[in-house]
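A structural walkthrough
Spelled out, the chains give:
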Amino acid sequence: MYFLPLTVAVPIIAVMVLAVLRFWPEIRKLLSILIKLVVKA
Amino acid sequence: MNAQNGKKAFPYERGFAWVLTFLLAGCLAITILSTLTVQILTNAGLHLGVATDGAVIDSQLSHIHANVDMLAEEYGFSAEAVKKIISREELLRVNGEIAAWWSHLLSEGDTATMPRWYSPDLEEAVASSMNRETAQMDPQTIVADLTEMVERTVFPLRETLLTTGMDLVNKRADVPGVVRSATKLPMLGLVMSLAVAGLIALLMGREMIRSLKYYGTAAAGTGFSVLGAMVILLCLGPKAMVAEASQPLAGEVGSLLGKIGWEAGLGALLLLAAGYACLILYRRKYGKTITGGDQTE
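1. Thoughts on helix α11 (residues 211–236) of chain B
Spanning 26 residues, α11 of chain B covers 37 Å between terminal C-alpha atoms, matching the ideal 38 Å at 1.5 Å per step. Of the residues trailing α11 of chain B, Gly 237 of chain B is marked for its positive phi of about 65 degrees.

Have a look at this one:
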């Protein structure tokens, strides 16, 4: 019974982890470009 | 619907209840996320708190003092005299002014020019401590360098890029109106959550108390998910990523994430507490008659 919340949390966290593992290099590159663009050299 | 005689007024009741549970979790997550976004967009106190955070000011002060030492060695003026002018109190004042400007830019799309830092005593401090005969640079140029360095430390972003971007956005949208609408999102999320909770209660019919199992699962599940998202974000190290571009900005980002993280963490813990309170109540009601969680249905 007290593990029921995990039926909601585990799929959501799994999707977040998988998304990060799959797209993190691209996201990081994009963020890096954005940061370099807005930060004073 | 009646659990005692085993009849259900609504077919696939449990299936629908679980779908609504996930929907409720989504609505609760939207409520938390939109609350944090609204905080960032409209809470001037939050930005002032970040800008005047003791750790941020200390980091800016040490960065500025290191640069003053470097410039003093290069141009031959007294670093101590300049450091007295660019004091902690002065930095707090400048940070406060720039935080107010930044808040207006974010919440109202106000593209007024960023407040500039200027101290009339700075030129005198530089000029009086320089050896004019060996000086390689005139005091005005050194003062301009120092002023730019202080401004860059306090606000490391390109303000012209931000104000130009905001000007373009202003031409296409009513920024204050959009922000005002965004402030209603948390309430909308809450109303949607209540509506979904109401639907679950309706689905349970006379034995509404059975809804507690679904409410508890959704609330505590959202709490776990928010905590999970925070751990993932922490592992990605956004502060270190910003630090690669600018150390002073990393301090401000760290302070902002810390303050927002507190609110998100508190919200997640409240959801966890509320969720498990629902599950405990449900267990107390049905615990003696069941061995699992679902046998009552």
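Still to come is the rest of the account.
2. Remarks on the packing of helix α1 (residues 5–38) of chain A against α11 of chain B
Contact geometry for α1 of chain A and α11 of chain B: axes closest at 7 Å, N-to-C directions at 25 degrees. Relative to α11 of chain B, the element α1 of chain A lies roughly parallel. Considering how the two elements wind past one another, α1 of chain A and α11 of chain B form a crossing that is right-handed. Every residue of α11 of chain B that contacts α1 of chain A at Pro 5, Leu 6, Thr 7, Val 8, Ala 9, Ile 12, Ile 13, Met 16, Val 17 and Val 20 of chain A is listed here: Thr 217, Ala 218, Ala 220, Gly 221, Phe 224, Ser 225, Gly 228, Ala 229, Ile 232 and Leu 236 of chain B.

3. As for the packing of helix α3 (residues 54–75) of chain B against helix α7 (residues 139–154) of chain B
Residue and element names in this part refer to chain B. Viewed as axis vectors pointing N to C, α3 and α7 meet at an angle of 160 degrees, and their least axial separation amounts to 10 Å. Looking at the two axes, α3 sits roughly antiparallel to α7. The handedness of the crossing between α3 and α7 comes out as right-handed. Residue-level inspection shows Gln 60, His 63, Ile 64, Asn 67, Leu 71 and Tyr 75 of α3 in contact with α7, the latter providing Ile 142, Asp 145, Leu 146, Met 149, Val 150, Thr 153 and Val 154.

4. Notes on the domain arrangement of chain B
Frequently, the measure chosen for interface size is the accessible area removed from exposure when the parts meet. Residues and elements named next belong to chain B. Taken domain by domain, chain B comprises domain 1 (13–35 + 183–286) and domain 2 (44–179). Counting residues at the interface gives ten residues for domain 1 and twelve residues for domain 2. Broken down by class, the residue content of the side of domain 1 that touches domain 2 amounts to three nonpolar, five polar and two charged.

5. Side note on the confidence of the model for chain B
Residues and elements named next belong to chain B. Mean pLDDT over chain B stands at 89; residues scoring 70 or higher make up 92%. Between the elements of chain B, mean pLDDT differs from a low of 86, seen in helix α6 (residues 120–129), to a high of 96, seen in α11. Predicted confidence is poor over residues 1–5, with pLDDT under 50, and the contacts of this stretch with residues over four places away or in other chains come to eleven contacts. Predicted confidence is poor over residues 290–297, with pLDDT under 50, and the contacts of this stretch with residues over four places away or in other chains come to twelve contacts. Interface confidence for the predicted complex, expressed as ipTM, amounts to 0.93; the pTM equals 0.85.

The rules behind the values
- Residues numbered from 1 in each chain as written.
- Chains lettered and ligands numbered in written order.
- Predicted model: local features only at pLDDT ≥ 70, side-chain atom pairs only at ≥ 80, totals over all residues.
- Helix = DSSP H or I, 4+ residues; strand = E, 2+ residues; numbered from the N terminus.
- Expected span 1.5 Å × (residues − 1).
- Axes fitted to C-alpha atoms, helices over the stretch in contact; angles between N-to-C directions.
- Parallel < 35°, antiparallel > 145°, perpendicular 65-115°, else oblique.
- Left-handed = near helix turned anticlockwise from the far one by under 90°.
- Contact = placed C-beta atoms within 7 Å.
- Domains from an automatic or database assignment.
- Nonpolar A, V, L, I, M, F, W, Y, C, P; charged D, E, K, R; others polar.
- pLDDT = per-residue confidence, 0-100.

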